[in-house]
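The chain contents come next:
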Amino acid sequence: MVSLWDGFEVGDVVAEGSIALTRDSLVRYAGASGDFNPIHYRDDFATSVGLDGVLAHGMLTMGLAVGPVTQWLGDRGFVSSYQVRFTKPVYVLASGSVAVSVSATLSKIDDPSEGSATLALSVSVGEGTTVLGKSFVVVSPR
Amino acid sequence: MSVNPELLDTVFEPTSPYVVGREKVREFSQAVFAMAPIHHDLASAQAAGWADLVAPPTFPIVIQEKTLQQLLSHPGAGIDFSRVVHGDQKFEYHRPLIVGDEVVATLRVTKIQSLGGHTMVTSESTIETTSGEAVVTATSTLVVRGDEA
């Protein structure tokens, strides 16, 4: 069997991508997920609770950040573990967009015989402000 | 109001059965920019060996959320929802959720820790099919901010 990791060395970027988030994206995620906390769509409410403005759902950022990995993986395997720490808010203005950049790096081959491996995700906005910490995806072949 | 330390090891009632729906998976996938065909196109998912559309990795939050609501609204928990921030999130999968799965989720409080005036509440929600097959375990750490001085 051809390993998923043939041609990759630890430290190599396996997948990357960038998503432009708009206020519409947040409203869409609110509807799809059922998380209607108004801090994710109402500026007046967000500022009234001490935030600098409307911010993206952490789970939206987590959800989109694994996309490049699943897209790269296709039907050759599945995500067997995924974790993140929410370290910084992603503010999204009423107009315009904010680019969320994702890069997935091969961190370690967990089980060479089975072929599962851990990818470290780097997720940032703007000029490289990291918004997720301790972000790891474990991929297993099937 | 502060978090009740006796919450530790509390196990909540399983949620009522949730059926993973095809259009819900498509809608959620679009919302998280998950464009892989196995999330949208039935023929692609079946060609890849799945019975139906594959839910993207963070879809289980929709089901886990129902257990977090049980925790947050529990009268004895002492958790002020307006002070809650999502700190950490983890999913461990036996397999992906697939359209047609009927699942229930059961939450257990696994850790309560005070740190610099804040309280971190960690809970583990196991999601299994109504026939008892474990599918995914979702773990959240909620940070309950302390009273401002």
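Residues numbered from 1 in each chain as written. Chains lettered and ligands numbered in written order. Predicted model: local features only at pLDDT ≥ 70, side-chain atom pairs only at ≥ 80, totals over all residues.

**Student:** I'd like a rundown of the interface of chain B and chain A, residues and numbers included.
**Tutor:** Listed per partner, the contact involves 26 residues of chain B and 27 residues of chain A. Per-element accounting of the side of chain B that touches chain A gives the leading share, 8 residues, to strand β2 (residues 84–93) of chain B. Residue classes in the side of chain B that touches chain A are distributed as 16 nonpolar, 4 polar and 6 charged. In this structure, strand β2 (residues 77–86) of chain A lies alongside β2(B), joined through 5 bridges in antiparallel fashion. Within the sheet, the bridge partner assigned to Val84(A) lies in β2(B) and is Gln89(B). (Contact = placed C-beta atoms within 7 Å. Helix = DSSP H or I, 4+ residues; strand = E, 2+ residues; numbered from the N terminus. Nonpolar A, V, L, I, M, F, W, Y, C, P; charged D, E, K, R; others polar. Pairing = 2+ DSSP bridges.)

**Student:** Tell me what's going on with the pairing of strand β4 (residues 116–125) of chain A, and back it up with residues and numbers.
**Tutor:** Residues and elements named next belong to chain A. Side-chain alternation along β4 places Ala117, Leu119, Leu121, Val123 and Val125 on a buried face and Ser116, Thr118, Ala120, Ser122 and Ser124 on a face that remains uncovered. Count of turn residues in the strand β3 (residues 98–111)/β4 antiparallel hairpin: 4 residues, of which Gly115 carries a positive phi of about 95 degrees. Alignment of β4 against strand β5 (residues 129–141), held across 7 bridges, turns out to be antiparallel. In the sheet register, Thr118 faces β5, and the bridge partner there is Val138. Hairpin connection, β4 to β5: the antiparallel pair is bridged by 3 residues, and Gly126 has positive phi, about 55 degrees. (Buried ≥ 20, exposed ≤ 12 C-beta atoms within 10 Å, placed from the backbone.)

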